[in-house]
Amino acid sequence: MRKQDDTTFLALLGLIAEGARSICVGLHITAINFFRPSVCERYPRRDGKPDWQPRPGYRGDFALISDAERPGGLRCIACLQCQNICPDKCIHITPTGKGKERHPKQFLIDAGLCMYCWLCVEVCPVAALTMTPDYETSTDRPEKLIRTLEQLRERGKEYPEPLKVEMARADATSVAPTERRGD
Amino acid sequence: MGLRELEESLRHLPERLPRPPDEPLRQWARRHQQGGLPVAFINVADKVLDTARACSLWWLQFGLACCAIESMAVGASRYDLDRFGIFHRATPRQADAMLVAGTVTIKMAPVIKRLYDQMSEPRYVIAVGNCAISGGRFYHHAYSVVRGIDRVIPVDIYIPGCPPRPESFIDGLRKLHDLIRKESLADAPARGGEPPEEYFRKRELP
Amino acid sequence: MSPIGLIATWLRALLTGWFRAWHIPAVFVDILAWIVGGVVILLMITLIALILIYVLRKVAAYIQGRIGPERVGPYGLFQTVMDALKLLQKEDIVPAGADKILHTLGPVVFFFVCTMGYLVIPWESQATIARQVDLNIGVLFLLAFSSLGVIGVLMGGWGSNNKWSLLGALRGAAQMISYEIPMLLALVCVVLMAGSLSLEVITEQQKALGLLSWNLWKPWLWLPMILFLITAAAEINVTPFDIPEAESELVAGYHTEYSGMKFALYFLAEFSNNFLVGLIFAVLFLGGWSSPFGHPDPLYLPEFLWLVGKAMVVVLFLMWVRWTLPRLRVDQLMALCWKLLLPAAFVSLVIVSIVGLYL
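Residues numbered from 1 in each chain as written. Chains lettered and ligands numbered in written order. Predicted model: local features only at pLDDT ≥ 70, side-chain atom pairs only at ≥ 80, totals over all residues. Heavy atoms only, no water.

**Let's talk about the overall build of chain A**
Next up, step 1: The secondary structure content of chain A amounts to four helices and five strands.
Next up, step 2: Start at the N end of chain A and walk to the C end: the helices and strands fall as α-β-α-β-β-α-β-β-α.
Next up, step 3: Per-residue burial for chain A yields a buried fraction of 35% across its 183 residues.
Next up, step 4: Of all intrachain contacts in chain A linking residues separated by at least 6 positions in sequence, the fraction that spans at least 24 positions is 70%.
Next up, step 5: About 11200 Å² of surface is accessible on chain A, with carbon and sulfur atoms providing 57% of the total. (Helix = DSSP H or I, 4+ residues; strand = E, 2+ residues; numbered from the N terminus. Buried < 20%, exposed > 50% of the residue type's maximum accessible area, 1.4 Å probe, protein only. Contact = heavy atoms within 4.5 Å. Areas by Shrake-Rupley, 256 points an atom, 1.4 Å probe, with all protein chains shown as cover.)

**Some remarks on the overall build of chain C**
Next up, step 1: In terms of helices and strands, chain C carries twelve helices and zero strands.
Next up, step 2: When its helices and strands are written in sequence order, chain C yields α-α-α-α-α-α-α-α-α-α-α-α.
Next up, step 3: Computed over C-alpha atoms, the radius of gyration of chain C comes to 21 Å, within 12% of the 21 Å expected from 2.2 N^0.38 for 359 residues, which places it in the range of a compact globule.
Next up, step 4: By its C-alpha atoms, chain C is 60 × 55 × 40 Å across when sized along the principal axes.
Next up, step 5: A total of 359 residues make up chain C; the buried ones form 54% of that total.
Next up, step 6: Within chain C, counting contacts between residues at least 6 apart in sequence, those at least 24 apart form 77% of the total.
Next up, step 7: Accessible surface for chain C amounts to roughly 15600 Å². Of this, 76% is attributable to carbon and sulfur atoms. (Rg over C-alpha atoms; globule rule 2.2 N^0.38 Å.)

**Some remarks on the packing of aromatic side chains**
Next up, step 1: Under the definition given, this model contains 22 aromatic pairs over all chains.
Next up, step 2: For the ring pair Tyr258 of chain C and Tyr266 of chain C, a centre distance of 5.1 Å and an interplane angle of 75 degrees mean the geometry is edge-to-face.
Next up, step 3: Judged by relative accessible area, which is 0%, Tyr266 of chain C ranks as buried.
Next up, step 4: These aromatic residues form a ring-pair network of at least three members: Trp58 and Phe87 of chain B together with Phe263, Phe267 and Phe271 of chain C.
Next up, step 5: One Lys or Arg, Arg123 of chain B, reaches over the ring of Tyr116 of chain B and ends 4.1 Å from the middle of that ring. (Phe/Tyr/Trp six-rings, centres within 6.5 Å; stacked < 30°, edge-to-face > 60°. Lys NZ or Arg CZ within 6 Å of the ring centre and 35° of its normal.)

**Examining the pairing of strand β3 (residues 97-101) of chain B**
On a regular strand, one side chain projects to one face of the sheet and the next to the other, so that they alternate.
Residue and element names in this part refer to chain B.
Next up, step 1: Counting buried residues in β3 gives five out of five residues, a clear majority hidden from the surface.
Next up, step 2: The side-chain alternation of β3 yields two buried faces, one formed by Ala97, Leu99 and Ala101 and the other by Met98 and Val100.
Next up, step 3: In this sheet, β3 lies alongside strand β1 (residues 58-60) in parallel orientation, the contact comprising two bridges. Counterpart to Trp59 in the pairing with β3 is Ala97.
Next up, step 4: As paired elements, β3 and strand β4 (residues 124-128) share five bridges and run parallel to each other. Bridging from a neighbouring strand, Val100 pairs with Ala127 of β4.
Next up, step 5: Handedness of the crossover joining β3 and β4 through helix α5 (residues 109-118): right-handed. (Pairing = 2+ DSSP bridges. Right-handed = clockwise from strand over helix to strand, strands pointing away.)

**Some thoughts on helix α6 (residues 163-194) of chain C**
One turn of the α-helix equals 3.6 residues, which is why residues spaced by three or four share an orientation.
Residue and element names in this part refer to chain C.
Next up, step 1: Across its 32 residues, α6 extends 46 Å between first and last C-alpha, which sits within 8% of the 46 Å expected from 1.5 Å per residue.
Next up, step 2: Maximal helix bending in α6 amounts to about 25 degrees, located at Glu180; proline Pro182 follows within four positions.
Next up, step 3: For α6, the N-terminal capping position is held by Asn162, with its side-chain oxygen 3.1 Å away from the main-chain nitrogen of Trp164.
Next up, step 4: Looking one or two residues past α6, Gly195 carries a phi angle of roughly 85 degrees, positive in sign. (Expected span 1.5 Å × (residues − 1). Bend = angle between axes of the 7 residues up to and from the residue. Polar contact = N/O pair within 3.5 Å; in protein donor to acceptor, adjacent residues only side chain to side chain.)

**Things to note about the interface of chain B and chain A**
Next up, step 1: Taken together, the contacts link 34 residues of chain B with 34 residues of chain A.
Next up, step 2: A combined buried area of about 3000 Å² lies between chain B and chain A, and 57% of that area is made up of carbon and sulfur atoms.
Next up, step 3: At the boundary of chain B and chain A, one finds one salt bridge.
Next up, step 4: For the salt bridge of Arg78 of chain B with Glu41 of chain A, the shortest nitrogen-to-oxygen distance reads 2.8 Å.
Next up, step 5: Mapped onto the side of chain B that touches chain A, the elements with two or more residues apiece are α6 (130-134), β5 (157-159) and α7 (166-181) of chain B.
Next up, step 6: Considering only residue class, the side of chain B that touches chain A consists of 13 nonpolar, eight polar and 13 charged. (Buried area = accessible area lost by both parts, 1.4 Å probe. Salt bridge = Lys/Arg side-chain N within 4 Å of Asp/Glu carboxyl O. Nonpolar A, V, L, I, M, F, W, Y, C, P; charged D, E, K, R; others polar.)

**Looking at the sheet that holds β1 of chain B**
Residue and element names in this part refer to chain B.
Next up, step 1: In spatial order, the strands read β2-β1-β3-β4-β5; together these five strands make up an open sheet with parallel pairing. Since the sheet does not close on itself, it has two edges, and those belong to β2 (87-89) and β5, each with one partner. Across the sheet, the mean angle from the axis of one strand to that of its neighbour is 30 degrees, orientation sign disregarded. (Axes fitted to C-alpha atoms, helices over the stretch in contact; angles between N-to-C directions.)

**Concerning the packing of helix α10 (residues 260-285) of chain C against helix α11 (residues 303-322) of chain C**
All names here are of chain C.
Next up, step 1: Contact geometry for α10 and α11: axes closest at 8 Å, N-to-C directions at 120 degrees. For the element pair α10 / α11, the angle class is oblique. Relative to α11, the crossing made by α10 is right-handed. Residues Asn274, Phe275, Val277, Gly278, Leu279, Phe281, Ala282 and Val283 of α10 form the contact with α11, whose own contacting residues are Leu307, Val308, Lys310, Ala311, Met312, Val314, Val315, Leu318 and Arg322.
Next up, step 2: Among the residues making up the contact of α10 with α11, the classes are represented as 13 nonpolar, two polar and two charged. (Parallel < 35°, antiparallel > 145°, perpendicular 65-115°, else oblique. Left-handed = near helix turned anticlockwise from the far one by under 90°.)

**What about the confidence of the model for chain C?**
Next up, step 1: Averaged over every residue, the pLDDT of chain C is 87; residues scoring 70 or more account for 96%.
Next up, step 2: Among the scores for the predicted complex, ipTM is 0.83 and pTM is 0.86. (pLDDT = per-residue confidence, 0-100.)

Shown next as structure tokens:
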């Protein structure tokens, strides 16, 4: 009720009617929404349909791209550019070999420290490091979050090319509206 | 105060009452682990009770930073957590799991420890996002950030990401379900009182 | 058809015969009947709470565009059972410095009070549980026990040694006490029209022509009906009146410090209260156990099914309102009660008195 109770009786009735009307409008909206299909993505799906796949350029877990001709089997030349540019200092590389034979003996990325900024991928001169669309990476020990050379090599076999990030075009208007799912 | 003083002070917070003695059921289960009828009963009881705990995980509604927004999004309509029976409760007494989502500052760390102490057993902690795992992007050069919540409370599941995708979230919760399902009546009692030393982990890369 | 009444009468006759043959005084039949009735009510409340909690989560989910529990059992039907089993395993914490007796008895008192209302509801034409004592003051009984619910809330809040629990409990107590007055007046209107305080008599008067003789269709009872719905919703703390357990305001209100089975008891009591309000509304305004097709029910359905069905409709309507309206602030709550509902209740009393004189 308002502080100054100088409403007339008719005005009070009008207020009550207005309140009842707004409640009914709200109930109508809720009732309609009850019967609309849900927008829920039922991850993880159990009905056979494929799970959500990230769009290309999604920054998930790391991978080192393979190259059979080079020593070490990776494109990486251990130039330490990614280690130097990383803002969180989560990459540690031990290089070995001389000249054209230079390759990493040990390559550690701490996925629990990284902020997924993509600078290491951008700066790599040979496009050896990439981020994959792997997002299921939770563990029960934080030490398991440190990616070693072998793990990176394994994941690199599934993603033979670095995935490029699409920069937004200058004339892009807006994100396409999500259609409601029918399940 | 600095990080070292914080860590020292947090180890001796007298917030929690002494833990009650071990329940008779657990003592009985530990004594009869060898074989025979009690083992069958213990196995069935384990399965039922663990399934109940995993299927009805109530988490503490408590958010710190950007990962909290992500956790709100996971609870919302598009990636519904209520499908798994996971539901938020406002009070730590009724919560099973604490989702530490976001950057933990030095000012907030004693509060988190107090909330953890107030939670009733059995309780689990999930560190969401790299700031809660290790301080994340603030590990170097930040004067006010605790480098990882596991310096303060013991953590069960780490979900990396900055912030993690909602699907990654749900995957982490499923790993927590697997952890819960492996627990048994005959184990040592759930963590209570002060966490053991190994949980206070110094973060160093080899 | 009234199966409960028939079974009860048959059992009673059987037991009376046996007890007479074994030379046991006849009063023990009554005592046994009361015990059995009590156990049946408790089981029924547990079952109803189980179903209602699941229905609430699903309805909330569908209104909000998501899906409720779906992974625990087929369509998520076992969710509440798992919740109950999990609450059994939680540690029971009594806060330091809390009054142990109050802390423990708070949920017990609240649950007891919410359960007592089920005694006077006429489930079928011959089966009110309290028929033994021929309770002809059913409405008064209900009002008395809903007033006692305040004590359970206050015990929970005070016995927690927590200022926010106390604040939540005090707000809850103020709300429940204030909203009883318009509720009382609305119920008095119905009692005036029916001429009796007994719920059985009120139901009997609504059974003659089926749907048409329900109190729903009498225009002079529409204002009491709306008033009762609003005030009963305030009594059971549903949104928009759930300020005692508002999460963003007071952590969890009066049950902040409760964990495990004590909290489960509070939860159960709330849902049983919810269903009780549905039952009372069905009995007073929707004809109780009478079917909409006339008194000798042409479908031969058990009468308690009609009652439970009508109560469920009311409960679903309250859930619908719950997920539509935002929460009222505590001063808006009190203003609504004392400045709007109470004068409206007096007006309805006057209208019903005049109609009762000339009808």
